[in-house]
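Close look at the chain arrangement
Chain by chain, the residues:
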Amino acid sequence: MNTGNTNLEAIVCEFRTEGSVDSVKRVGSGHINDSYLVTTNPAGNSDYLLQRINHHIFRDVPKLTDNILKVSRHLQARLLCQPSDFDYFQVLKPVATRQGNFFLHDPEGNFWRLYLYISGTKSYDIVESSDLAFEGGKAFGIFQYLTADMDGSALFETLTDFHNIAVRLQNFRSIVQLDPEKRVSSLQSEINFVESRAEEMHLILELGRSGAIPLRVTHNDTKFNNVLFDDHQRAISVVDFDTVMPGYSLYDFGDAIRTGTNTGAEDEQDLSKVGINLSLFAAYTRGYLSIAGGFLTPVELSHLAFSAKFMTYIIGLRFLTDHIDGDHYYRIHHPDHNLHRAKAQFRLLESMEEHFAEMQTIQALR
Ligand code: GN1
Ligand code: MG
């Protein structure tokens, strides 16, 4: 998708904003949508977050938008109506267009949405301290707590089989067979890495299918940088509701560990920098369980450490699949970017395997 000629200011003006646009700057490190911070005049006015939705991936934008509104309103209502210890928690507020819709379809075919930005907040691609990890864990615990009474069947399944490992592996194997970019011959060790773990990685899917763990409303993209922190490093919001749909709590726990305890970047090429930081794992787990410990089942609680391995595996698998396929899904910033991402995920998974016994001890402490 190309925003080359799009007048971003004109797009913002289609929404019910206050003041006049001062600047529109690209922000964020997402791989799918494009995000821009919009500042307005006079100074002191609200800022906004403008997003172009990748409609090649999210193919039904009206239904996606409907989900986001449902989730946002549910969270807001629970925060307003039920006194709790986390009334400081905030929900990003969608802004309507002048026509009263919550997305804009422009003449070039792009889809846009706008949120009121929570000023003074910050997110972290790499976690710097245990306090931050604890707070992040608490934030995702709060999200799960607040959505626990939502009717999952009221949500549209934005991306079907999103964390379904059987489907992801099937897709991987057919793309390896096709080998459209002739990349497979140099990837034997990565392919072996995937195949040698494929069977054990069906565990969460099997627990779900057998009814051993409950289906809940889950976030499904709990990258640590989807938590917003205030300037006292308190986690005050969880964002990015594109993939909120029924799922397993373990997926959300695992993806936050994948991104919030890695000592290296998601796409780190110097693999010696990549690994799990067990202090961050312990702090995140404590923060998460300070909220979610009250409602998770024993089977969920006993698979937290495993879920971290699983999410690292499946995201690595998706990066590798996209690399073999010719990089159609994730935005890449240089050739082989998806391969670098996959290798870093696989290195992180090895580090978790090396420390798995310690991770299991930590998950049991609370
Ligand atoms: C994508 O674009 P972003 O950062 O929100 C992806 C996630 C992956 C993540 C890997 C809809 O999320 O599933 O975990 O990249 N989102 C979608 O960093 O596929
Ligand atoms: Mg996302």
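Residues numbered from 1 in each chain as written. Chains lettered and ligands numbered in written order. Predicted model: local features only at pLDDT ≥ 70, side-chain atom pairs only at ≥ 80, totals over all residues. Heavy atoms only, no water.

Attention shifts here to the coordination of the magnesium ion (ligand 2). Ligation of the magnesium ion (ligand 2) by protein atoms is provided by Asp221 (OD) and Asp240 (OD), these donors lying 1.9 to 2.0 Å from the ion. Within this pair, whereas Asp221 is found in the loop between strand S7 (216–218) and strand S8 (227–229), its partner Asp240 is found in the loop between strand S9 (235–238) and strand S10 (245–247), the two being separated by 19 residues in sequence. (Donors = N, O, S within 2.8 Å, 3.2 Å for Na, K, Ca; no water. Helix = DSSP H or I, 4+ residues; strand = E, 2+ residues; numbered from the N terminus.)

Looking now at the domain arrangement of the protein. Looking at the assigned domains, one finds that the protein contains domain 1 (2–116) and domain 2 (130–363). On a C-alpha basis, the centres of domain 1 and domain 2 stand 25 Å from each other. Contacts between the two partners involve 28 residues from domain 1 and, on the opposite side, 34 residues from domain 2. Here domain 1 packs against domain 2, burying approximately 3,000 Å² in sum over the two surfaces, 62% of which is carbon and sulfur. (Domains from an automatic or database assignment. Contact = heavy atoms within 4.5 Å. Buried area = accessible area lost by both parts, 1.4 Å probe.)

The buried fraction of strand S3 (residues 48–53) amounts to 6 of the 6 residues, a majority that puts the element mostly inside the structure. Both faces of S3 are covered, namely the face carrying Tyr48, Leu50 and Arg52 and the face carrying Leu49, Gln51 and Ile53. Where strand S2 (residues 34–41) and S3 come together, 5 bridges link them in antiparallel fashion. Its bridge partner being in S3, Leu37 is matched across the sheet by Leu49. In this antiparallel pair of consecutive strands, S2 and S3, the connection spans 6 residues, and Gly44 shows a positive phi of 100°. In the sheet, S3 pairs with strand S6 (residues 111–116) via 6 bridges, with the strands oriented antiparallel. Paired with Arg52 across the two strands is Trp112, which belongs to S6. (Buried < 20%, exposed > 50% of the residue type's maximum accessible area, 1.4 Å probe, protein only. Pairing = 2+ DSSP bridges.)

For the rest of this paragraph, the subject is the packing of helix H10 (residues 304–325) against helix H12 (residues 356–364). Between H10 and H12, the least distance of the axes is 8 Å, while the angle of their chain directions is 130°. Our classification of the angle between H10 and H12 gives oblique. Residue-level inspection shows Leu304, Ala305, Phe306, Ala308 and Lys309 of H10 in contact with H12, the latter providing Phe356, Met359, Gln360 and Gln363. The residue inventory of the contact of H10 with H12, partitioned by class, reads 6 nonpolar, 2 polar and 1 charged. (Axes fitted to C-alpha atoms, helices over the stretch in contact; angles between N-to-C directions. Parallel < 35°, antiparallel > 145°, perpendicular 65-115°, else oblique. Nonpolar A, V, L, I, M, F, W, Y, C, P; charged D, E, K, R; others polar.)

What follows is about the layout of surface pockets. By volume, the second largest pocket is sized at about 350 Å³. Of the residues assigned to the lining of the second largest pocket, the class counts are 9 nonpolar, 3 polar and 5 charged. (1 Å grid on protein atoms, 1.4 Å probe; cavity = no way out; pocket = protein on both sides within 12 Å on 5 of 7 lines; lining within 4 Å. Points joined across faces, edges and corners; volume = space filled by probe spheres on them.)

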